[in-house]
Amino acid sequence: MSRYQVFLLVVLVLWPFAILGLLFAMSKLETYVEKPSAETPQEAGLEPVAGRSEEKEVRIIFGDKVIGEPD
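It should be emphasised that the depicted structure is a prediction, and the values quoted were computed from it without experimental measurement.

S.K.: What is the right way to read the overall build of the chain from this model?
M.R.: Counting its regular elements, the chain contains 1 helix and 2 strands. Per-residue burial for the chain yields a buried fraction of 1% across its 71 residues. Surface accessibility of the chain: about 7,300 Å² in total, with carbon and sulfur atoms responsible for 64%.

S.K.: Mind showing me how you'd approach the environment of glutamate 34 here?
M.R.: As for its placement among the helices and strands, glutamate 34 is situated in helix H1 (residues 3–37). With relative accessibility at 41%, the residue glutamate 34 sits in the partly exposed group. Placed 11 residues apart in sequence, glutamate 34 and glycine 45 show a C-alpha to C-alpha distance of 8.7 Å.

Rules and cut-offs
Residues take numbers from 1 onward in each chain, read along the sequence in its written order. Note on the predicted model: pLDDT of at least 70 is required for a residue's local features to be given, and 80 or more for side-chain atom pairs to be given and counted; whole-chain, interface and lining totals, by contrast, use all residues. As a rule here, side-chain values come from all non-hydrogen atoms in the structure, and water together with hydrogens is ignored. Each helix corresponds to a stretch of at least 4 residues labelled H or I by DSSP, and each strand to a stretch of at least 2 residues labelled E; elements are numbered beginning at the N terminus. Relative accessible area decides the class of each residue, using a 1.4 Å probe on protein chains only: under 20% of the type maximum gives buried, over 50% gives exposed, and in between gives partly exposed. Only the protein chains shown count as cover for residues, and the accessible areas themselves come from Shrake-Rupley with a 1.4 Å probe.

The structure is reproduced here in structure tokens:
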């Protein structure tokens, strides 16, 4: 077999894997692009957490003082 025939054989074997990799990357990119443009968490594909917490998830701390909490 010549070098050209070996090259064609390698391309013939590898191109399906390249196509599948490209489709996988496009799927991940589509998911990434959909999340910022969604209006609700459900549209973004995010599931709400069951239950409810009375404690704030984020605390803003300025120096030694926590902003927004009663003293």
